[in-house]
Amino acid sequence: MTMIQNPVLRGFCPDPSIIRAGDDYYIATSTFEWWPGVRLFHSTDLANWEQLPSPIQRTSQADLRGDPTSGGIWAPCLSYDGTWYYLVYTDVKTKKGRFYNTHNYVIRTQNIRGEWSEPVYLNSIGFDPSLFHDHDGKKYLVNMINGFKGILVQEYDPETGELKGERKKIFDGTKFGYTEGPHIYHIGDWYYLIVAEGGTGYEHCVTMARSKNIWGPYEIDPENPVLTSNSADPLALQKCGHADIVETQNGEWYMAHLCARPSEAANGCVLGRETALQKMEWQNGWLRLVGGGNQARLTTSLPAGIKKTTAIDNKFSDDFDCSQLNVQYDFPRIPATGFADLSSRPGWLRLKGQESLNSLHDVSLVALRQQKMNASAQTVMEFAPEYPEQMAGLAYVYDALNYYLLCKTVDEADRAILVLLRSDGGSITDLTKPVLVPEGKLELIAVASECGTVEFGWRSESSEWQIIGEIQPLSLLTDEHCRGFTGAQFGMYVHDMTGLGIYADFDSFEVI
Ligand code: 6LW
């Protein structure tokens, strides 16, 4: 690989924020209502990225219980002042209608792989906060104002943890509108303001403005947008926008930005919004794509003078012979500590049943984001339900309202059965007649395809695979259908609506 292949972070990794600390690069992206709310990745060559533990580890840092679908943590901003790493983030409590409740917090650490602080509340006036560290040591909070009313700046005092002094709107946005995702940089004589505009859909773009003074006035880049998508090419990255920039140790510049790879067959984005990188250069005091134009590319040049690492295999296979859950998993709204256990039955993941998947509170689901259209998820499970209100199996899910469930339960006559359900916007349909299944281990599989479909199957120990139900459309699990910001995920799931807290045991989970 002689180029960086985009997207660098595949499947459900939107709104990237990028920093460099010495020879190390980090990107933070958000997971919305999915705990832990923020994904953190590390790289030394910008091409290969490894996921690290999230800065958010405790519910005192983010309480996502009850958050709406695609609410929760939006667009975190990672920054580094040479001593402290900071993460500012919004917890979106409501986003319907006109009233957005968007609480902004900051946490910090001196060891990015270690423990982060308790949060300090900042404001709630708009989302996409970022922290800007000026050369003179001053720090500023920058955020959009709800209702897309412009970009707000206020000084932040790291000693007291409080915002102080004047609160000033420094920018109204450009003609592209929906101004959000602001970042300020002090480069040379200029303060550069980079924002996302056009809305986080197919019109998304990155625009720029500059000023000699942080408080403005800001002069708009005459060639905006700096980055956008080639909507005429179905194979090109789409929805490109929401960006952050980083300078390499050798003085080159890269832009990390949001992108998407819609599937025509699925009628939208199953993989959600993702993260890409573009090599940039300065021309007459403005930032431009290397090679010209403003359309995001599927490949971009590697950084000069940096040794390339070997590619990380993105096949996922977990046999639960471990003491901690893999950092790549996420869980709806709550950490897994209360319902997942690796010690009761060594080599197995034991999940305790709680509420059903359409709850916004306590759901037992261990999920992994889908990174490519041709993907299959497989698990081996043991589960002995006693009531029809108890169910466990394989979930293929977008959010609390949109999902497929292939689950074992019992019928009213106490017979063990497999059911295949679809929830579309919260309304649930049986996709097949219940299938009687034997005692013991069950293997469950979901096979998604770039043809825009998913097919489910099962087998018991030593028997042949059997298809269950008809082929189903993937359009159910798209950003467009769900009106969501996340992406499709596969997961291991159990619910117990009796409140008895039955558990299901999983011996393996694989997504290839
Ligand atoms: C994100 C913001 C946005 O915070 O959507 O439409 C939000 N734009 O930049 C969720 O990704």
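Worth saying up front: this structure is predicted, and the values here are computed from it rather than measured.

1. Points about the overall build of the protein
Helices and strands together make up the secondary structure of the protein, namely one helix and 39 strands. Taken against the 2.2 N^0.38 rule, which gives 24 Å for 512 residues, the C-alpha radius of gyration of the protein at 23 Å falls within 12% of a compact globule. With the principal axes as the frame, the protein shows a C-alpha extent of 75 × 45 × 45 Å. Per-residue burial over the protein gives 59% buried out of 512 residues. Both charge centroids of the protein, one from 43 positive and one from 65 negative side chains, sit 4 Å from each other.

2. Focus on the environment of Leu420
Mapping Leu420 onto the fold places it in strand S32 (residues 416-424). With 36 residues separating them in the primary sequence, Leu420 and Phe456 have C-alpha atoms 8.3 Å apart. Leu420 has contacts with Leu405, Leu406, Thr429, Asp430, Leu431, Thr432, Phe456, Ile468 and Gly469, leaving out every residue within four places of it along the chain.

3. Topic: the sheet that holds strand S8 (residues 85-94)
The strand order S7-S8-S9-S10 describes an open sheet built from four strands, whose pairing is antiparallel. Both outer strands of the open sheet, strand S7 (72-80) and strand S10 (120-123), are each paired with one neighbouring strand and no more. Averaged over neighbouring strand pairs, the angle between their axes works out to 25° when direction is ignored. Inspection of the sheet shows strand S9 (residues 101-109) paired to S10 by three bridges, in the antiparallel sense. Of the residues in S10, the one forming a bridge with Asn104 is Asn123.

4. Some thoughts on the environment of Asp496
The residue Asp496 is located in strand S38 (residues 489-496) in this model. For the pair formed by Asp496 and Leu444, sequence separation is 52 residues and the distance between their alpha carbons is 19 Å. If we ignore the near neighbours within four places in the chain, the residues touching Asp496 are Gly353, Gln354, Glu389, Gln390, Gly501 and Ile502. Here the side chain of Asp496 touches Thr498 through a polar contact of 2.5 Å, side chain to side chain.

5. Side note on the nonpolar core
Counting residues in each nonpolar core, the largest one holds 73 residues, and the members touching the most others are Tyr396 and Phe509. When residues of this core are assigned to domains, at least three map to each of domain 1 (3-301) and domain 2 (316-511). With residues near it in sequence (within four places) discarded, Tyr396 still touches Val270, Gln370, Tyr403, Tyr404, Ala448, Val454, Phe456, Leu474, Leu477, Ala488, Gln489 and Phe490.

6. Comments concerning the pairing of strand S2 (residues 17-21)
Of all five residues in S2, four are buried, a share of seventy percent or more. Inspection of the sheet shows S2 paired to strand S3 (residues 24-30) by five bridges, in the antiparallel sense. Residue pairing in the sheet places Ala21 in a bridge with Asp24 of S3. Counting the residues in the hairpin turn of S2 and S3 gives two residues, including Gly22, whose phi is positive at 65°.

7. Concerning the packing of aromatic side chains
This structure, assessed with the given rule, holds 25 aromatic pairs. With centroids separated by 4.2 Å and ring planes inclined at 20°, the aromatic side chains of Tyr80 and Tyr85 adopt a geometry described as stacked. With 6.4 Å between their ring centres and 70° between their planes, Phe316 and Phe509 make a pair best called edge-to-face. One end of the pair, Phe316, is in strand S24 (residues 316-318); the other, Phe509, is in strand S39 (residues 503-511), and 193 residues separate them in sequence.

8. Section: the domain arrangement of the protein
Partitioning the protein into structural domains gives domain 1 (3-301) and domain 2 (316-511). A straight line from the C-alpha centre of domain 1 to that of domain 2 covers 33 Å. Contacts between the two partners involve 40 residues from domain 1 and, on the opposite side, 38 residues from domain 2. At the boundary of domain 1 with domain 2, total buried surface from both sides reaches about 3200 Å², with 59% on carbon and sulfur atoms.

9. Some details on the site of the ligand
What surrounds the ligand is the set Asp15, Phe32, Trp74, Ala75, Phe127, Asp128, Glu180, Thr200, His242, Arg273 and Phe485. One of the side-chain N or O atoms of Asp128 is found 2.5 Å from an oxygen atom in the ligand. At a separation of 2.5 Å, a nitrogen atom of the ligand approaches a polar side-chain atom of Glu180. Here the shell around the ligand is built from residues that sort into five nonpolar, two polar and four charged.

10. Things to note about the sheet that holds strand S12 (residues 139-144)
Across the sheet, four strands lie side by side as S11-S12-S13-S14; this open sheet has antiparallel pairing. Sheet topology places strand S11 (130-133) and strand S14 (162-171) at the edges, where each strand pairs with a single neighbour. Neighbour to neighbour, the strand axes of the sheet diverge by 30° on average, direction disregarded. As paired elements, S12 and strand S13 (residues 151-157) share six bridges and run antiparallel to each other. Each residue of the ladder has a partner; that of Val142, found in S13, is Val153.

About the thresholds
- The residue numbering used here restarts from 1 in each chain and proceeds along that chain's sequence as written.
- With pLDDT at 70 or above as the cut-off, local features in this predicted model cover only qualifying residues; side-chain atom pairs require 80 or more to be listed or tallied, and sums for whole chains, interfaces and linings still use all residues.
- Heavy atoms throughout the structure, all of them, feed into the side-chain values; hydrogens and water do not.
- Each helix corresponds to a stretch of at least 4 residues labelled H or I by DSSP, and each strand to a stretch of at least 2 residues labelled E; elements are numbered beginning at the N terminus.
- Atoms considered for the radius of gyration are the C-alpha atoms alone. The globule rule reads 2.2 Å times the number of residues to the power 0.38.
- Any residue under 20% of the maximum accessible area for its type is buried, any over 50% is exposed, and the rest in between are partly exposed; the area is computed with a 1.4 Å probe on protein chains only.
- Residues counted as positive are Lys and Arg, residues counted as negative are Asp and Glu, and His and the chain ends are not counted.
- By convention, charge coordinates are those of NZ in Lys, CZ in Arg, CG in Asp, or CD in Glu.
- Only heavy atoms matter for contacts: two residues are in contact if any of them lie within 4.5 Å across the pair.
- Paired strands, in this sense, are two strands between which DSSP finds at least two bridges.
- Axis lines are fitted through C-alpha atoms, for helices just across the contact stretch, and the angle between N-to-C directions can take any value from 0 to 180 degrees.
- For this analysis, a polar contact is any N or O atom pair within 3.5 Å, provided that within protein one partner can donate a hydrogen and the other can accept it, and provided that sequence-adjacent residues contribute only side-chain to side-chain pairs.
- For this analysis, a nonpolar core means a set of buried residues of the types Ala, Val, Leu, Ile, Met, Phe, Trp, Tyr and Cys, connected via side-chain atoms within 4.5 Å.
- For the domains described, the bounds stem from an automatic or database domain assignment.
- The criterion for an aromatic pair is that two Phe, Tyr or Trp rings (for Trp, the six-membered ring) have centres within 6.5 Å, with stacked assigned to planes under 30 degrees apart, edge-to-face to planes over 60 apart and tilted to the rest.
- Note on definitions: buried area is the accessible-area loss of two parts on being combined, 1.4 Å probe, summed for both.
- We call a residue near a molecule or strand when any one of its heavy atoms sits within 4 Å of it.
- Residues are grouped as follows: Ala, Val, Leu, Ile, Met, Phe, Trp, Tyr, Cys and Pro are nonpolar; Asp, Glu, Lys and Arg are charged; every other residue, Gly included, is polar.

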